[in-house]
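Report on the structure
Below, each chain spelled out in residue letters.
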Amino acid sequence: MTYQFNPSTHEVLLHAASLDSAAVINATADSTAKQTKDDSIDATRLRKLQGKLLKSMRQVCKDYDMIQPNDHIMICVSGGKDSATLLYLMLLLQKQLAPTCPFQITAVHVDQKQPGYNGKPLLEWLQQDLQVPYHIIEEDTYSVVVDKTDAGKSYCTMCSRLRRGILYTTAQTKLTNCTKLALGHHADDAMETMFLNMIHTGCMRSMPARYTAQRASLGVLRPLILCLEADIAEYAQLRQFPILPCNLCSNQANLQRPQIKLLLETLLTFTPDAKKNVMNAMGDIHPSHMLDQKLRKSCGMDPITGESDEDDEMAELR
């Protein structure tokens, strides 16, 4: 068979090819523009989140007098989003306060010898990205927790207590002039703890922003205590912090804290400000409208009637 060249057919094919090329170019340009727009949106959101979280943390540090000149603060880095965010923001705050209130930071991470543990991403982040002084403490608490925890009970309580003890010891023995220890607990942690105590122990107790550990006489700080977990999670994702999964509690079913999280999320259906209002309520207690007689007495009020000495003085003036 002899092929007959047809000029018109050739032109059509060339034209089609040029259209395909143009389409590819346009699609690539659109994709690049979209990526640039997405990057811009992410960068804007990151700045807003960082400003919001940092403002809240600075206010807590100020209200509870957390940082004094020449403090040496140990930042406890678990490998989760909360402590990673805490460390990053504290380093930013350290730079901001350097001219008026210089303080030292050391990051400490406990390798608890969990199966499948890989701390390399965290180590590289501390060394290369942050270039912060750090200590990695190796202690096999995993075996102890699994062995000592009763069947059906949560590992979290014993695990956190053992880890906390290791951190106190580290602050006393391995760090020079360590004055305080900072933890990554946030507002959701505080609310969940309060509801768990109310439901299971019948007392209203949560997490203080600052307290002194009796065992080590160390100041324990929670600078993120007014920050919401959702903001921290989004910030950690945008910053691409290295997150080490917990293979201990994540494998347990029927844990109480995740159920309380669902309760808190349900409260948001009443008002979007539900979590904010709960946190405000925790800091705005009216003893005269509560049932705790010991609290009334400690506030200078009559434990029965709720009347205060100040009320008696005002009545006499009238």
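The sections below set out a description of the structure shown in this document. (Residues numbered from 1 in each chain as written. Predicted model: local features only at pLDDT ≥ 70, side-chain atom pairs only at ≥ 80, totals over all residues. Heavy atoms only, no water.)

Taking 1.5 Å as the rise per residue, helix H5 (residues 156-173) with 18 residues should run 26 Å; its terminal C-alpha atoms sit 26 Å apart, in good agreement. Within H5 the residues assigned to the buried category are Cys 159, Gly 165, Ile 166, Leu 167, Tyr 168, Thr 170 and Ala 171. (Helix = DSSP H or I, 4+ residues; strand = E, 2+ residues; numbered from the N terminus. Expected span 1.5 Å × (residues − 1). Buried < 20%, exposed > 50% of the residue type's maximum accessible area, 1.4 Å probe, protein only.)

What follows deals with the side chain of Ser 56. Mapped onto the fold, Ser 56 is located in helix H1 (residues 7-63). Among the residues examined, Ser 56 registers a relative accessible area of 17% and is labelled buried. For Ser 56, the contacting residues outside a window of four places in its chain are Leu 226 and Cys 227. (Contact = heavy atoms within 4.5 Å.)

This part is about the layout of surface pockets. The computed volume of the second largest pocket comes to approximately 670 Å³. As for the second largest pocket, its lining consists of 23 residues, of which Ser 56, Ile 225, Leu 226, Met 279 and Asn 280 are closest to the centre. At the level of elements, H1 and helix H9 (274-282) are the ones that each hand at least two residues to the lining of the second largest pocket. The leading source of residues in the lining of the second largest pocket is H1, at six residues. Split by residue class, the lining of the second largest pocket holds 12 nonpolar, five polar and six charged. (1 Å grid on protein atoms, 1.4 Å probe; cavity = no way out; pocket = protein on both sides within 12 Å on 5 of 7 lines; lining within 4 Å. Points joined across faces, edges and corners; volume = space filled by probe spheres on them. Nonpolar A, V, L, I, M, F, W, Y, C, P; charged D, E, K, R; others polar.)

Taken as a whole, this structure holds four aromatic pairs when the rule is applied. Pairwise contacts between aromatic rings join Tyr 88, Trp 125, Tyr 235 and Phe 241 into one cluster. (Phe/Tyr/Trp six-rings, centres within 6.5 Å; stacked < 30°, edge-to-face > 60°.)

With that settled, the discussion passes to the state of the cysteines. A full pass over the atoms with the stated rule returns zero disulfides. Here Cys 61 is not cross-linked by a disulfide; its sulfur's nearest cysteine counterpart is in Cys 227, at 9.7 Å. You can see Cys 76 has no disulfide; the closest cysteine sulfur is in Cys 178, sitting 8.6 Å from it. A residue is classified by how much of its surface remains accessible, and Cys 76, at 8% relative accessible area, is buried. (Disulfide = S-S within 2.5 Å.)

Looking now at the pattern of salt bridges. The final tally for this structure, using the stated rule, is 12 salt bridges. The residue Lys 81 makes a salt bridge to Asp 82 at a minimum N-O spacing of 3.3 Å. Looking at Lys 81, the relative accessible area reads 23%, which means it is partly exposed. Residue classification places Asp 82 among the buried positions, given a relative accessible area of 17%. Put simply, Lys 81, Asp 82, Glu 192, Glu 229, Arg 257 and Lys 261 are held in one network by salt bridges that share partners. (Salt bridge = Lys/Arg side-chain N within 4 Å of Asp/Glu carboxyl O.)

Met 57, Ile 67, Ile 75, Leu 87, Met 90 and Trp 125 are the most contacted members of the largest nonpolar core, which has 53 residues in total. Per-element tally for this core: the top contributor is helix H2 (residues 81-97), with 10 residues. Filtering out sequence-adjacent residues up to four positions away, Met 57 remains in contact with Leu 86, Leu 89, Met 90, Leu 93, Pro 223 and Leu 224. Counting 16 residues, the second-largest nonpolar core is a separate cluster that includes Met 74, Tyr 168, Leu 175 and Val 220. (Core = buried A, V, L, I, M, F, W, Y, C linked by side-chain atoms within 4.5 Å.)

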